[in-house]
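# Overview (structure and organization)
In case you want the letters, here they are:
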Amino acid sequence: MSEPLAERMRPRTFDDYVGQQHLVGKDAVLRKMVEAGHLSSCILWGPPGVGKTTLAQIIANQLETPFYTLSAVTSGVKDVREVIDRAKNNRFFASSSPILFIDEIHRFSKSQQDSLLGAVEKGIVTLIGATTENPSFEVIRPLLSRCQLYVLKSLEKEDLLMLLHRAIAEDLEMKKHAIILEDTGALLRYSGGDARKLLNILELVVSTADTENIVISDQLVEMRLQQNPLAYDKDGEMHYDIISAFIKSIRGSDPDAALYWMARMIEGGEDPKFIARRLVISAAEDIGLANPNALLLANAAFDAVSKIGWPEGRIPLAELAVYLATSPKSNSAYLGIDDALALVRQTGNLPVPLPLRNAPTKLMKDLGYHDGYQYSHDFPGHFVKQQYMPDQLTDGRIWHAQHNPAEEKLYQWMIQCWGQRFEDPTE
């Protein structure tokens, strides 16, 4: 039986690799490190089908070093130790440390990750971990601190089209057919930025054709996928489309829809901690200062789910989803930090006003550091007007209150403190 198209089209060199030019382009950091013959242990974080496994294999080929792979789904501590022992024995036959590639490293338990620490630290192996989940949540801190983190992006339309045309033009099985791409919209839409899914769908459409002459249209793609609902990987939909609908239902204050989409995820076998993390984000981003208790409850639900897992974990998650959906909403803090980041990028490293500077040494005191600072707690209401922004930014505003009941109190207090500076011109 022939290999799947996605495997047949797997690139072998950086030049054949599609996408991720910020990492593997001509002067990109990862490519330069590999071409220099040295690679630090790293974590590749990105959505499914963007080339994490392929990139690891290309790196191993380029460095001409032994390449070991483990799946976090099927491997235990014993498997990790056996691979490390084999790597020790091969260490002297290669200029670079053997590479240990662990797919879905976020599924490794703490004890499994602990078993890697010594080998990574001593350079017995160079670890390349691949994950679709945020490593800061799932990879233990000692291991994460020993690894560089590289973020891979979903493939752009141009990348996917390049793969599509290359497969039709170069793959021996595809070349047996006269394939005309009449439409590409459905192919791109169903692939969702996932190269493997794109090639799987193409192969499905071609393999089910009744003739050697195949005109690929949106209608044909949709018909083939409806006939073969399990023919392509659903993980991308579960992680991106349904979680998007879930969060948007909460943001839109619809508890019924929030519970429905949560049920879809639960029935689909979603990781409960993935749902809990997104609810923590929603509590801060969408409810925010309109109901600060939301973030506290979100953290409590995350903790509860981490302790009890499925199936009982559905109860605190459902409680939280309903609470967030029925809470008043505010994104003023979310907008405020984004505006502040944009301002910093625009204005650069502006000097801190002298009264706000720390003065732990005599020299700093002699230079005027801390001079003129007024300690707020020494004044009525624990407030005194003084300048906290850099000199160039004293006339600007970053945080703008949204007038829900809870935030209105904060707004009125700012008016009492700062007067006209915080008055909303639309009031």
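Each remark here, short or long, concerns the structure printed above.
Residues numbered from 1 in each chain as written. Predicted model: local features only at pLDDT ≥ 70, side-chain atom pairs only at ≥ 80, totals over all residues. Heavy atoms only, no water.

### Overview of the packing of aromatic side chains
Basically, it comes down to this: Pairs were defined over the aromatic rings of Phe, Tyr and Trp, the Trp ring being its six-membered one, requiring ring centres within 6.5 Å. Orientation was assigned from the angle between planes: stacked under 30 degrees, edge-to-face over 60, tilted for the rest. Distance and angle both matter: a charge sits over a ring if NZ of Lys or CZ of Arg is within 6 Å of the ring centre and within 35 degrees of the ring normal.
Taken as a whole and assessed by the stated rule, the structure comprises 4 aromatic pairs. Ring geometry for Y260 and W261: centres 4.8 Å apart, planes at 75 degrees, overall edge-to-face. Ring-pair connections join several aromatic residues into one group, and the members of that group are F383, Y388 and W418. The side chain of R421 reaches across the aromatic face of W418, ending 4.6 Å from its centre.

### Digging into the sheet that holds strand β5 (residues 148-151)
What counts, and what does not: Here, strands pair whenever DSSP counts at least two bridges between them. What counts as a helix is a DSSP run of H or I of at least four residues, what counts as a strand is a run of E of at least two, and both are numbered from the N terminus. For every element, the axis is a line fit to its C-alpha atoms; helices are fit only across the contacting stretch, and the angle between N-to-C directions ranges from 0 to 180 degrees. Residue contacts follow a heavy-atom distance rule, with two residues in contact if any of their heavy atoms lie within 4.5 Å.
With parallel pairing, 5 strands are arranged side by side in an open sheet as β2-β3-β4-β1-β5. Two strands lie at the open edges of the sheet, namely β2 (67-71) and β5, each paired on one side alone. Put simply, the sheet's adjacent strands are angled 20 degrees from each other on average, direction ignored. Here strand β3 (residues 99-103) runs beside strand β4 (residues 126-131); their pairing, made up of 4 bridges, is parallel. Its bridge partner lying in β4, I102 is registered against G129. Helix α4 (residues 52-63) rests against β1 (42-45), β2, β3 and β4 of the sheet, and its axis sits at about 175 degrees to β3.

### Focus on the packing of helix α14 (residues 255-267) against helix α17 (residues 314-326)
This is how it is decided: Orientation is classified from the angle alone, with under 35 degrees giving roughly parallel, over 145 giving roughly antiparallel, 65 to 115 giving roughly perpendicular, and any other angle giving oblique. By definition, any crossing whose near helix is turned counterclockwise from its far helix by less than a right angle is left-handed, and any crossing with a clockwise turn is right-handed. Think of it as three bins: nonpolar holds Ala, Val, Leu, Ile, Met, Phe, Trp, Tyr, Cys and Pro, charged holds Asp, Glu, Lys and Arg, and polar takes everything else, Gly as well.
Two elements in contact, α14 and α17, have axes separated by 9 Å at closest approach and are oriented at 150 degrees. By the angle class used here, α14 and α17 are roughly antiparallel. Crossing hand, α14 versus α17: right-handed. For the pair α14 and α17, the contacting residues are P255, L259, M262 and I266 in the first and R314, L317, A318, A321, V322, A325 and T326 in the second. Grouping the constituent residues of the contact of α14 with α17 by class yields 9 nonpolar, 1 polar and 1 charged.

### Overview of the pattern of salt bridges
Rules: Here a salt bridge means any side-chain nitrogen of Lys or Arg lying within 4 Å of a carboxyl oxygen belonging to Asp or Glu. Exposure is judged per residue with a 1.4 Å probe applied to protein chains only, and the accessible area is read against the type maximum: over 50% gives exposed, under 20% gives buried, and values in between give partly exposed.
Enumeration over the complete set of coordinates arrives at 14 salt bridges. R31 serves as the salt-bridge partner of E35, at 3.0 Å between the closest nitrogen and oxygen. Here the residue E35 and the residue R31 both occupy positions in helix α3 (residues 29-35), the gap between them amounting to 4 residues, near one helical turn. Classification of E35 as partly exposed rests on a relative accessible area of 46%. Residues E121 and R146 are paired through a salt bridge, measuring 2.8 Å at the closest nitrogen-oxygen approach. Note that E121 is positioned in helix α6 (residues 110-122) and R146 in the loop between α8 (141-144) and β5, a separation of 25 residues in sequence. A single salt-bridge network, built from bridges that share partners, covers R8, D171 and E203.

It is worth stressing that arrangement in space is one thing and function is another; only the former is reported here.
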